[in-house]
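A closer look at the structure
So the chains spell out like this:
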Amino acid sequence: MPELPEVEVLRRSLEPHLVGEEVARVEVRSPALREPLDRASLDRGVAGRRIESLGRRAKYLLVDLSGGSTLAVHLGMSGRLTLAPADAAPEPHEHLAIHLASGKKLRLRDPRRFGLAFALPTAELPADRHFAHLGIEPLSEGFSGEALARAARGRRGPVKVFLMDATAVVGVGNIYACEALFRAGVHPGRSVARISRPRWDRLADSVVAVLSQAIAEGGTTLNDFRNGSGESGYFQVSLAVYGREGDPCLGCGTPVRRSVHSNRGTFYCPRCQR
Ligand SMILES: [Zn+2]
């Protein structure tokens, strides 16, 4: 499953090719995605408009168009968004092609069909049902220990589950959560109600560092979204704890432990993480 760093790398790699382009027409080849593609709405909201910028919210790629319209694309489990020449033959599982006036097309391929693509007025985005529940964005200006502490107010349960809960913080997948907690020296099972402000600060810094490292690596390994431990969607990050059960902690030599939170394997050092 594509993770946040993968979507961010996609955004950065498409941006220089798309900004300023005009959309000639929208071709819905097969509407059957998680929510059926809405031909009329895509025509209205995308065709004939100019691409002004590419943004991202959580794992949604946001194509901002002239006239206050946005095309939102989610890659689901297996979606791929690529640029091709206009006359390239359609690929298997190609659901949508956005034809650009300059003779290229942006196509969405999705064999498992968990992806989404829809147009909406840009101003309605924050309140839209796909976005309204989403938590804080770790790569945004406002992300900080204070923002994490605020998001945790009134919540309970292990900090690892909190970090992976998209209604609290978006885009922190299992591997990234394990690695960020290790870097911050915070035990994954510690209750969110019992985390001091300096710890939240360290955790915020660690989340940003881990995601940034993944994005930097992703820029160089675009074709391989499978990490060494077999969880797909993750760029290669140097794994200090994830997948290293029983191996010595890189900080203190204590064997790395594995436990389970919300059905996901959690790896941590019982000595360095408190
Ligand atoms: Zn250790």
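Now for a look at the structure at hand.

Procedures and definitions
- Residues numbered from 1 in each chain as written.
- Predicted model: local features only at pLDDT ≥ 70, side-chain atom pairs only at ≥ 80, totals over all residues.
- Heavy atoms only, no water.
- Donors = N, O, S within 2.8 Å, 3.2 Å for Na, K, Ca; no water.
- Tetrahedral: all angles 85-135°; square planar, octahedral: opposite > 155°, others 65-115°.
- Helix = DSSP H or I, 4+ residues; strand = E, 2+ residues; numbered from the N terminus.
- Expected span 1.5 Å × (residues − 1).
- Buried < 20%, exposed > 50% of the residue type's maximum accessible area, 1.4 Å probe, protein only.
- Pairing = 2+ DSSP bridges.
- 1 Å grid on protein atoms, 1.4 Å probe; cavity = no way out; pocket = protein on both sides within 12 Å on 5 of 7 lines; lining within 4 Å.
- Points joined across faces, edges and corners; volume = space filled by probe spheres on them.
- Nonpolar A, V, L, I, M, F, W, Y, C, P; charged D, E, K, R; others polar.
- Salt bridge = Lys/Arg side-chain N within 4 Å of Asp/Glu carboxyl O.
- Axes fitted to C-alpha atoms, helices over the stretch in contact; angles between N-to-C directions.
- Contact = heavy atoms within 4.5 Å.

1. Description of the coordination of the zinc ion
Note on the zinc ion: its protein donors are C249 (SG), C252 (SG), C269 (SG) and C272 (SG). The metal-donor distances range over 2.2 to 2.4 Å. Around the zinc ion sit four donor atoms; with metal-centred angles ranging over 102 to 114°, the donor geometry is tetrahedral. Read in sequence order, the donor residues coordinating the zinc ion give the pattern C-x2-C-x16-C-x2-C.

2. A word on helix α1 (residues 4-18)
Compared with an ideal rise of 1.5 Å per residue, which puts 15 residues at 21 Å, α1 spans 20 Å between its outermost C-alpha atoms and is within 8% of the ideal. Within α1 the residues assigned to the buried category are L4, P5, E6, V7, E8, V9, L10, R11, L14 and L18. Following α1 by one or two positions, G20 has its phi on the positive side, about 95°.

3. Concerning the pairing of strand β6 (residues 94-100)
Counting buried positions along β6 yields seven of seven residues, so the element is predominantly enclosed. Judged from the five bridges that link them, strand β1 (residues 23-28) and β6 form a sheet pairing that is antiparallel. Counted as the bridge partner of V23 is L100 from β6. In this structure, β6 lies alongside strand β7 (residues 104-109), joined through five bridges in antiparallel fashion. Opposite H99, over in β7, you have K105 as the bridge partner. Linking β6 back to β7 in an antiparallel pair, the connection comprises three residues, with G103 at a positive phi of about 95°.

4. Re the layout of surface pockets
Empty space within the largest pocket amounts to approximately 490 Å³. Taken together, 25 residues line the largest pocket, and the ones lying closest to its centre are M1, E3, K59, H74 and A166. Partitioned by chemical class, the residues of the lining of the largest pocket number twelve nonpolar, eight polar and five charged.

5. Description of the pattern of salt bridges
Under the criterion given, the structure shown has 15 salt bridges. Of the charged contacts in the structure, one is a salt bridge between E91 and R107, with a shortest N-O distance of 3.4 Å. Of this pair, E91 sits in the loop between β5 (80-85) and β6 while R107 sits in strand β7, placing them 16 residues apart in sequence. Accessibility expressed as a relative area gives 27% for E91, which makes it partly exposed. A relative accessible area of 10% means that R107 is categorised as buried. Of the charged contacts in the structure, one is a salt bridge between E94 and R107, with a shortest N-O distance of 3.3 Å. Taken together, the residues E94 in strand β6 and R107 in strand β7 connect sequence positions 13 residues apart. Across the pair, R107 and E94 agree in class, each one buried. Three or more residues joined by partner-sharing salt bridges are found here, namely E8, R11, R12, E15, R56, R57 and E137.

6. Structural notes on the sheet that holds strand β2 (residues 51-57)
Across the sheet, which stays open at both edges, the four strands sit in the order β2-β3-β4-β8 with antiparallel pairing between neighbours. Whereas interior strands pair on both sides, the edge strands pair on one side only; in this sheet they are β2 and β8 (116-121). Put simply, the sheet's adjacent strands are angled 20° from each other on average, direction ignored. Judged from the six bridges that link them, β2 and strand β3 (residues 60-65) form a sheet pairing that is antiparallel. When the bridges of β3 are listed, S53 appears paired with D64. The sheet contacts of α1 involve β2 and β3, and relative to β2 the element is tilted by about 175°.

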